[in-house]
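Summary of structural features
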Amino acid sequence: MIEIRDILDRETAMEGRCAPWKPLWQDVFDYVLPFHNPVQNARALPQNRAEKRFDSTATHLLRRLASTVGSLTANPNEDWLGIEAERRTGNGWEPVEDQGTIRWLDGTIGPYLDALRVSNFYPEFGGFLEEMVGPGTGSIFMDEKRITGPGFQGFRFRTLGAGEFLIDEDDLGAIDTMMRPMKLTARQAKLKFPNATL
């Protein structure tokens with residue numbers, strides 16, 4: 001059983017490995033994306049955050065690149081998402097050819113894309129791409145909206161910039177852990193965990 005202390009110790013170790021990168025990320029933000037979340041000084045005022053930027057060339061080109069990547073990978077006007085089923089065989093994996101399974105999977109894509117279109121996914125995805133082509137590290141967090149009635153309430157997305165989350169890799173270099181340190185006010189904690197004793 002994992003103890004809270006073990007999780008906190010691992011977070012501290014991950015934060016230590018992340019710390020040397022924070023000045024570099026902050027420089028990228030200061031010179032290229034001054035109005036994104038600051039990495040090192042959360043109290044920086046927006047009107048003071050563009051003073052290091054020489055001109056807007058880098059910001060403009062980064063946003064054009066992010067927009068191009070977004071239109072090629074997740075265009076809201078296209079059905080860009082697909083799901084395929086595979087099954088394990090003696091020689092590895094091969095596609096499932098059962099037409100009923102294929103039709104069922106194809107039928108799930110439309111409602112999912114519709115849910116993305118009525119959510120805040122595309123604006124947040126744009127911010128995520130700016131983080132990926134700028135500092136080179138970004139994440140997009142997905143959560144179901146707060147339940148206010150029966151049925152599915154929709155999705156809510158939030159882009160996490162460099163310095164807002166921690167990642168760790170396994171022995172093969174694949175990311176296997178993500179931690180997101182966050183602080184909540186008492187009111188926010190009560191809304192997020194309504195059945196908890198605070």
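Since the structure is predicted, the reported quantities are computational estimates derived from the model, not experimental observations.

1. A short note on the pairing of strand E2 (residues 92–95)
Sheet analysis places strand E1 (residues 86–89) next to E2, joined by 4 bridges and oriented antiparallel. Bridge pairing in E2 places Glu 86 opposite Pro 95. The loop that links E1 with its antiparallel partner E2 comprises 2 residues.

2. A word on the packing of aromatic side chains
Remark: the centre distance and the inter-plane angle together describe each pair of aromatic rings, the angle taken between the planes. Inspection of the entire model under this criterion finds 7 aromatic pairs. Both rings, one in Phe 125 and one in Phe 128, keep their centres 5.8 Å apart while their planes meet at 25°; by these two values the pair is stacked. One end of the pair is Phe 125 and the other is Phe 128, both in helix H5 (residues 121–133) and 3 residues apart, which spans about a single turn. Given a relative accessible area of 16%, Phe 128 falls into the buried group. By way of ring pairs, the aromatic residues Trp 80, Tyr 112, Phe 121, Tyr 122, Phe 125, Phe 128, Phe 155 and Phe 157 are connected into one cluster. We note Arg 180 situated over the ring of Phe 141; from NZ or CZ to the ring centre the distance is 4.9 Å.

3. Observations concerning the environment of Pro 181
Its place among the elements puts Pro 181 in the loop between strand E6 (175–179) and helix H6 (186–192). Accessibility expressed as a relative area gives 40% for Pro 181, which makes it partly exposed. Those residues in contact with Pro 181, other than ones at most four positions away along the chain, are Glu 11, Glu 164, Phe 165 and Leu 166.

4. Focus: the environment of Phe 125
The class for Phe 125 is buried, based on a relative accessible area of 14%. In this structure the C-alpha to C-alpha distance between Phe 125 and Gly 90, which are 35 residues apart in sequence, comes to 39 Å. When sequence neighbours within four positions are dropped, the list of residues in contact with Phe 125 reads Gly 70, Thr 73, Ala 74, Ile 140 and Thr 159.

5. Focus on helix H2 (residues 22–31)
Turning to H2, its buried residues are Lys 22, Trp 25, Gln 26, Phe 29 and Asp 30. For H2, the arc enclosing every buried residue in end-on projection is 135°, short of the 170-degree limit, so these residues lie on one face. Summarising the contacts, the buried residues of H2 are in contact with helix H1 (4–18) and H5.

Basis of the calculations
- Residues numbered from 1 in each chain as written.
- Predicted model: local features only at pLDDT ≥ 70, side-chain atom pairs only at ≥ 80, totals over all residues.
- Heavy atoms only, no water.
- Pairing = 2+ DSSP bridges.
- Helix = DSSP H or I, 4+ residues; strand = E, 2+ residues; numbered from the N terminus.
- Phe/Tyr/Trp six-rings, centres within 6.5 Å; stacked < 30°, edge-to-face > 60°.
- Buried < 20%, exposed > 50% of the residue type's maximum accessible area, 1.4 Å probe, protein only.
- Lys NZ or Arg CZ within 6 Å of the ring centre and 35° of its normal.
- Contact = heavy atoms within 4.5 Å.
- Arc of directions from axis to C-beta.

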